[in-house]
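# Observations on chain architecture
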Amino acid sequence: MVNNKEIQQIQHINFDICSYCNHKCNFCSNPDERTKKYMTKLVEFEKTMDNIGQYLNFKDLGEIGLSSRGEVFMNKDLSKMVKLTKEKYGFNYVYVSTNGVLFDKEKVFDVLESGLDSIKFSINAISRERYLTVHGKDDFDLVLANLRTVLLLKKNYFADLKVIISCVSDEEVDEYKSFFKKELNDLYEYLDDIWKYDLVFTPGRNKNSTLNIEAKNLPSCSFPFDRIFIDADCHLVLCCLDYFKEEDYGSLLEVDFFKLWNSDRFRQTRNMHKKHLLPKDHICYKCLNFDKNMKD
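Residues numbered from 1 in each chain as written. Predicted model: local features only at pLDDT ≥ 70, side-chain atom pairs only at ≥ 80, totals over all residues. Heavy atoms only, no water.

### Description of the overall build of the protein
Definition in use: Segments assigned H or I by DSSP are reported as helices when at least four residues long, segments assigned E as strands when at least two residues long, and all are numbered from the N terminus. Residues are treated as being in contact if the distance between any of their heavy atoms lies within 4.5 Å.
When its secondary structure is counted, the protein shows 12 helices and nine strands. Partitioning the contacts of the protein with sequence separation of at least 6, the portion at a separation of at least 24 is 73%.

### Some words on a nonpolar patch on the surface
Threshold: Patch rule: a residue counts if its relative accessible area is over 30% and it has no salt bridge; like charges are joined within 9 Å, and nonpolar side chains (Val, Leu, Ile, Met, Phe, Trp, Tyr) within 5 Å. Only the protein chains shown count as covering a residue, and every accessible area follows the Shrake-Rupley method with a 1.4 Å probe. Each reported salt bridge corresponds to a side-chain nitrogen of Lys or Arg within 4 Å of a carboxyl oxygen of Asp or Glu. A simple rule labels every residue: compare its accessible area, found with a 1.4 Å probe on the protein chains alone, to the largest value its type can have, and call it buried under 20%, exposed over 50%, or partly exposed in between.
Among the surface-exposed residues, Y20, M74 and L102 lie close enough to one another that they form a single nonpolar patch of about 230 Å² accessible area. Positionally, M74 belongs in the loop between strand 2 (63-65) and helix 4 (78-88). A relative accessible area of 31% means that M74 is categorised as partly exposed.

### Describing the packing of aromatic side chains
The cut-off we apply is this: Note on aromatic pairs: the rings of Phe, Tyr and Trp (six-membered ring only in Trp) are paired at centre separations within 6.5 Å, and the planes decide the class, stacked below 30 degrees, edge-to-face beyond 60, tilted for the rest. Here, a charge over a ring is recorded when the distance from Lys NZ or Arg CZ to the ring centre is within 6 Å and its angle to the ring normal is within 35 degrees.
Scanning all chains against the criterion turns up 20 aromatic pairs. Ring centres 5.6 Å apart and planes at 90 degrees place the aromatic pair F58 and Y89 in the edge-to-face group. Of this pair, F58 sits in helix 3 (residues 58-61) while Y89 sits in the loop between helix 4 and strand 3 (93-98), and the two are 31 residues apart along the sequence. Under the relative-accessibility criterion, F58 is labelled buried at 5%. For Y89, a relative accessible area of 8% corresponds to the buried category. Arranged with centres 4.7 Å apart and planes meeting at 45 degrees, the rings of F73 and F103 form a pair that is tilted. Taken together, the residues F73 in the loop between strand 2 and helix 4 and F103 in the loop between strand 3 and helix 5 (105-113) connect sequence positions 30 residues apart. Given a relative accessible area of 6%, F103 falls into the buried group. Linked through ring pairs, Y55, Y249, F257, F258, W261 and F266 together constitute an aromatic cluster. A cation over an aromatic ring shows up here: R270 above the ring of W261, its NZ or CZ 4.4 Å from the ring centre.

### As for unusual backbone geometry
Even without glycine at this site, C234 takes up a positive phi of about 70 degrees. You can see C234 is positioned in the loop between strand 7 (227-230) and strand 8 (235-237). Judged by its relative accessible area of 0%, C234 falls in the buried class. Of note in this structure, H276 is not a glycine but carries a positive phi near 55 degrees. Inspection of the secondary structure assignment puts H276 in the loop between helix 11 (264-275) and helix 12 (288-295). Judged by its relative accessible area of 26%, H276 falls in the partly exposed class.

### A few points about the packing of helix 2 (residues 42-53) against helix 4
When two helices pack together, their arrangement is captured by the angle between the axes and the distance separating the axes. This is how it is decided: Convention adopted: a line fitted to C-alpha atoms gives each axis, helices being fitted over their contacting stretch, and angles between N-to-C directions are expressed from 0 to 180 degrees. Here the angle decides the label: under 35 degrees means roughly parallel, over 145 means roughly antiparallel, 65 to 115 means roughly perpendicular, and every other value means oblique. Left-handed describes a crossing whose near helix is turned anticlockwise from the far helix by less than a right angle; the clockwise case is right-handed.
At a minimum axis distance of 10 Å, the contact between helix 2 and helix 4 shows a crossing angle of 25 degrees. Judged by the inter-axis angle, helix 2 sits roughly parallel to helix 4. As for how helix 2 packs across helix 4, the hand of that crossing is right-handed. Residues L42, F45, E46 and D50 of helix 2 lie in contact with helix 4, whose contacting residues are K80, M81, L84, T85 and K88.

### Let's talk about a negative patch on the surface
Put simply, the test is: Counting rule applied: Lys, Arg positive; Asp, Glu negative; His and chain ends not counted. By convention, the point assigned to a charge is CZ for Arg, NZ for Lys, CD for Glu and CG for Asp.
There is a patch of like negative charges on the surface, built from D104, E106, D110 and E113. Its place among the elements puts E113 in helix 5. Given the relative accessible area of 54%, E113 is considered exposed.

### Some points on the packing of helix 7 (residues 140-156) against helix 8 (residues 173-184)
Formally: Any residue outside Ala, Val, Leu, Ile, Met, Phe, Trp, Tyr, Cys, Pro, Asp, Glu, Lys and Arg is labelled polar, Gly included; the first ten of those are nonpolar and the last four are charged.
Running from N to C, helix 7 and helix 8 point in directions that differ by 70 degrees, and their axes come no closer than 11 Å. Of the possible angle classes, the one that applies to helix 7 and helix 8 is roughly perpendicular. Residues F140, L144, L147, R148 and L151 of helix 7 pack against F179, F180, E183 and L184 of helix 8. Looking at the contact of helix 7 with helix 8 residue by residue, the class counts come to seven nonpolar, no polar and two charged.

### Considering the sheet that holds strand 1 (residues 12-15)
Note the following rule: The criterion for strand pairing is that DSSP finds at least two bridges linking the strands in question.
With mixed pairing, nine strands are arranged side by side in an open sheet as 6-5-4-3-2-1-7-8-9. Strand pairing shows two members of the sheet lacking a second neighbour, strand 6 (193-197) and strand 9 (248-251), which therefore form its edges. Across the sheet, the mean angle from the axis of one strand to that of its neighbour is 25 degrees, orientation sign disregarded. For strand 4 (residues 118-122) and strand 5 (residues 162-168), the ladder comprises five bridges, and the chain directions are parallel. Opposite K120, over in strand 5, you have I164 as the bridge partner. Taken strand by strand, helix 2 contacts strand 1, strand 2 and strand 7, and its axis lies near 160 degrees from that of strand 1.

### Some thoughts on helix 7
Heads up, the rule is: Helix span, expected: 1.5 Å multiplied by one less than the number of residues in the helix.
A rise of 1.5 Å per residue sets the reference length of helix 7, with its 17 residues, at 24 Å; its end C-alpha atoms lie 25 Å apart and thus fit the reference within 8%. Among the residues of helix 7, F140, V143, L144, N146, L147, T149, V150, L151, L153 and K154 are the ones counted as buried. Buried residues along helix 7 sit against helix 5, strand 4, helix 6 (128-135), strand 5 and helix 8.

From the geometry alone we can't say anything about function, so treat these as descriptive.
Set out below in structure tokens:
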């Protein structure tokens, strides 16, 4: 292991193993033509993780996410990748996010049996009509059925599984809770939580956005310091909010992780954050979090 203070800060890995999606949610960057699509192959996943594993003890790190902008169940090697993260790399906690459409009981059982610790359903409406408007697909009833399937599997086989619903909506979280209590009946007790996110856009997607804050007033962000973000093509990128890869530091299939993590370009971004001096044309200045902070 390399004794490097920049690497020692890392606490989390997010590997987006599929940037394709079967839905076109109206708040999401994925349908945008600027989103680069790729499906991570199993051999690429293992090679990338071996590269990083030269410098990190994954057991100490503890947590890895295998999804971000795409639909993770489109990757046919999902269960094999989950198994690798648990058995070869020793992660304590592995999670995915899904719209919950592309699996049946057998397929999701296989993924859970491979060691998945948490599954988050992205359900961004609580009526069939609204769901169609938001997601662009009439899959509301199917998603609810698949949610029940997962909760039944948790009840009967996977007691430690964490099941969460996330929603990007202007509806209140209490409305979601009331709906799902009624919809799930006795299975509701096996649902761990409902997370609500505000319906906002980054300036990267909303070209009419304007930013009128000074760089020195930007809040601190830990992402460039304590999280590794890997795109589906196995490139090291800045974060999950850099939707169109404005900050792409290079391929982990071709270049040593230590070299990319400590590259002049990545170090420059970290120094900008440390000094709270980000150029107005930098992706971090235009970030969703900063945009939201500006509006408060």
